[in-house]
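Residue-level structural notes
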Amino acid sequence: MTLLIFQIAIVLLTCLVCGWISSRLGQARVIGEICGGILIGPSVFGRITPQISARLFPQSSLGSLDVLSTIGLVLFLFLIGSELDYEHLRQQKATAAFSSFMSIVLPFSMAVLAAPLLQERFSPGSSGRLAFALFLGVSMSITAFPVLARILEERRMQSSSLGATSLMCAAVDDVTAWMILAFAMTLIPSESRPVPYAYRLLWLGAYLFVMLLILRPLGIWLAKRHERFTLSHELLGIIIVIVFASSAFTDAIGVHPLFGAFLAGVCFPRVKAWQAALRTRLHLILSLVLLPLFFALTGMRTRLDLLNDGRTWLWTGLVLLLAVTGKMGGAIIAARWTGNGWRTSLALGAL
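Please read these numbers as outputs of a predicted model, since none were measured by experiment.

Turning our attention to the overall build of the protein. The helix and strand tally for the protein stands at 16 helices and zero strands. For 351 residues, the compact-globule formula gives about 20 Å, and the C-alpha radius of gyration of the protein, at 21 Å, lands near that figure. Seen through its principal axes, the protein has C-alpha atoms that stretch 65 × 50 × 45 Å. Looking at the 351 residues of the protein, the share that counts as buried comes to 46%. Partitioning the intrachain contacts of the protein with sequence separation of at least 6 by distance along the chain shows that 78% fall at a separation of at least 24. Accessible surface, the protein as shown: approximately 18,500 Å² in total, 69% of it carbon and sulfur. Charge-centre separation for the protein: the mean point of 27 positive side chains lies 4 Å from the mean point of 16 negative side chains.

The following block contains the structure:
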């Protein structure tokens, strides 16, 4: 326990400093928090003083930090989902649907074309061509949902038309990508067989039916009857239970738990007093403690030290170029096709 508390103190101090520097440079704090994780991780601190790094952050101890950060992220994505503006989303539904489609299809196709070149050099021997191509496609086409949500929240854009569109695109992209990844995992030999893919799709359909057609209308009905009441301690507790249950269910069927948390927020009744109470009660501890832990862990698990020769850096640059071009290009093409201006289209692609 002593080590865990000391680790939290080090990580939070690093995130505060790096987040402040990032904001002074005009970037989002989350960028600084990730860079802070890289600094105290094996890529920098572990390379300079490997023995001290191994004692402060042994691999076996990171699981506790991961659990804490995931709990924070689940609550944060619920909070973001609860503030999603339905009206903006209705106005941009064509853009959101087509952008979701194109920002998966274009980078995925580019990854599949590049897969044979990369497989010769980087594929583990147990994976076949199709599994490797699918994995690479998912890696290039998935959206960093928590990073996007944090940037929008910092810029106070999560309730804007652009913010709502990009969040919905990211949510659809993530579900699609995780289901493709689940299919890819069924192609790799394993002693413990995963849940059959068809069952996962059935459970996902049942989950969406319950959340969107039962739980959401029930929440709207309750809100209309009790919207004058404050968000009591007991009611908030029940809401949090539903959030964690939703998150656990999506995790169990092979979709990221953050999608379950976000969809629980989407289904939350749009009562302004309740939304304000949620933000007041949850935001401070999330932004100061739990979220920096997650983003710092992302940096700590980034192994830049393994890119140890010029050829590997060149291949990394190629993958990065394909991923950014495909992801941005798909969203920009879709936004322009559905009647948006260049400024909005470029912003959506960047997000």
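Structure shown, so let's carry the discussion forward.
Below, the discussion takes up the packing of aromatic side chains. With the rule as written, the count across this model stands at six aromatic pairs. A ring pair is formed by Trp203 and Phe249, whose centres lie 5.8 Å apart and whose planes are at 70 degrees; its orientation type is edge-to-face. Here Trp203, found in helix H11 (residues 197–226), pairs with Phe249, found in helix H12 (residues 233–252); they are 46 residues apart in sequence, far enough to count as distant. Assessed through its relative accessible area of 48%, Trp203 is described here as partly exposed. A ring pair is formed by Tyr207 and Phe249, whose centres lie 5.6 Å apart and whose planes are at 20 degrees; its orientation type is stacked. Here Phe249 lies in helix H12 and Tyr207 lies in helix H11, a separation of 42 residues in the sequence. Of the residues examined, Tyr207 reaches a relative accessible area of 5% and is grouped as buried. Taken together, the ring pairs in this structure connect Phe78, Phe268 and Trp274 into an aromatic cluster.

It is worth spelling out the side chain of Gln7 at this point. Mapped onto the fold, Gln7 is located in helix H1 (residues 2–24). Using a relative accessible area of 1% as the deciding quantity, one classes Gln7 as buried. Not counting residues up to four positions away in its chain, the partners in contact with Gln7 are Leu56, Phe57, Pro58, Ser61 and Leu65.

For the rest of this paragraph, the subject is helix H15 (residues 310–337). Owing to its 3.6 residues per turn, the α-helix brings residues three or four apart onto one side. With 28 residues, H15 should reach 40 Å at 1.5 Å per residue; the first-to-last C-alpha distance of 40 Å fits that figure. When H15 is considered as a whole, its buried residues turn out to be Thr312, Trp315, Leu322, Ala323, Gly326, Lys327, Gly329, Gly330, Ala331, Ile332, Ala334 and Ala335. With a side-chain oxygen lying 3.1 Å from the backbone nitrogen of Arg311, the N-terminal cap of H15 falls on Asp309. Remark: Gly339 follows H15 within two positions and exhibits a positive phi of approximately 95 degrees.

Here we come to the confidence of the model for the protein. Considering every residue of the protein, the mean pLDDT works out to 86; 95% of them sit at 70 or more. Of all secondary-structure elements in the protein, the lowest mean pLDDT belongs to helix H6 (residues 86–91), at 78, while helix H2 (residues 29–40) reaches the highest, 93.

According to the stated counting rule, one finds six salt bridges in the structure shown. Close ionic contact of Asp66 with Arg301 constitutes a salt bridge, the shortest N to O distance being 3.6 Å. Taken together, the residues Asp66 in helix H5 (residues 62–82) and Arg301 in the loop between helix H14 (272–300) and H15 connect sequence positions 235 residues apart. For Arg301, a relative accessible area of 45% translates into the label partly exposed. Taken together, the shared-partner salt bridges connect Glu83, Glu153 and Arg279 into one network.

On to the packing of H5 against helix H9 (residues 145–154), then. The contact between H5 and H9 brings their axes to 11 Å, and the two run at 55 degrees. It follows from the interaxial angle that H5 and H9 lie oblique. With respect to the hand of their crossing, H5 and H9 are arranged in left-handed fashion. Contacts between H5 and H9 involve Leu73, Phe76, Leu77 and Ile80 on the former and, on the latter, Phe145, Pro146, Ala149, Arg150 and Glu153. Its residues placed into classes, the contact of H5 with H9 shows seven nonpolar, no polar and two charged.

Reading guide: rules and limits
- The residue count restarts for each chain, going from 1 along the sequence in the order it is written.
- The predicted nature of this model means local features are confined to residues of pLDDT at least 70 and side-chain atom pairs, given and counted, to a pLDDT of 80 or more, with totals for whole chains, interfaces and linings taken over all residues.
- In computing side-chain values, all of the structure's heavy atoms are included and hydrogens and water are not.
- Helix and strand assignments follow DSSP, with helices taken as H or I runs no shorter than four residues and strands as E runs no shorter than two, numbered in order from the N terminus.
- In this description the radius of gyration comes from C-alpha coordinates, and the expected globular size is given by 2.2 Å times residues to the power 0.38.
- Type-normalised accessible area, obtained with a 1.4 Å probe on protein chains alone, sets the label of each residue: buried when under 20%, exposed when over 50%, and partly exposed for intermediate values.
- The contact criterion used is simple: two residues touch if any of their non-hydrogen atoms lie within 4.5 Å.
- The method behind every accessible area is Shrake-Rupley, applied with a 1.4 Å probe, and residues are considered shielded solely by the protein chains displayed.
- For this count, His and the chain ends are skipped, Lys and Arg are scored as positive, and Asp and Glu as negative.
- All charge positions are set by atom: Lys at NZ, Arg at CZ, Asp at CG, Glu at CD.
- Stacked, tilted and edge-to-face pairs are distinguished by plane angle, under 30 degrees for stacked and over 60 for edge-to-face with tilted covering the rest, among Phe, Tyr and Trp rings (Trp via its six-membered ring) whose centres lie within 6.5 Å.
- Helix span, expected: 1.5 Å multiplied by one less than the number of residues in the helix.
- Under this definition, polar contacts are N or O atom pairs within 3.5 Å; protein pairs additionally need one hydrogen-donor-capable and one acceptor-capable atom, and for neighbouring residues in sequence, both atoms have to be side-chain atoms.
- What pLDDT reports is the predictor's confidence in each residue, on a scale of 0 through 100.
- Definition used for salt bridges: Asp or Glu carboxyl oxygen within 4 Å of a side-chain nitrogen of Lys or Arg.
- What counts as an axis is a line fitted to C-alpha atoms, over the stretch in contact for a helix, and the angles between N-to-C directions run from 0 to 180 degrees.
- Should an angle fall under 35 degrees it is taken as roughly parallel, and over 145 as roughly antiparallel, whereas 65 to 115 is taken as roughly perpendicular and any remaining angle as oblique.
- Helix crossings are classified by the rotation of the near helix relative to the far one: an anticlockwise turn of less than a right angle makes the crossing left-handed, while a clockwise turn makes it right-handed.
- Gly falls in the polar group here, along with every residue not listed as nonpolar (Ala, Val, Leu, Ile, Met, Phe, Trp, Tyr, Cys, Pro) or charged (Asp, Glu, Lys, Arg).

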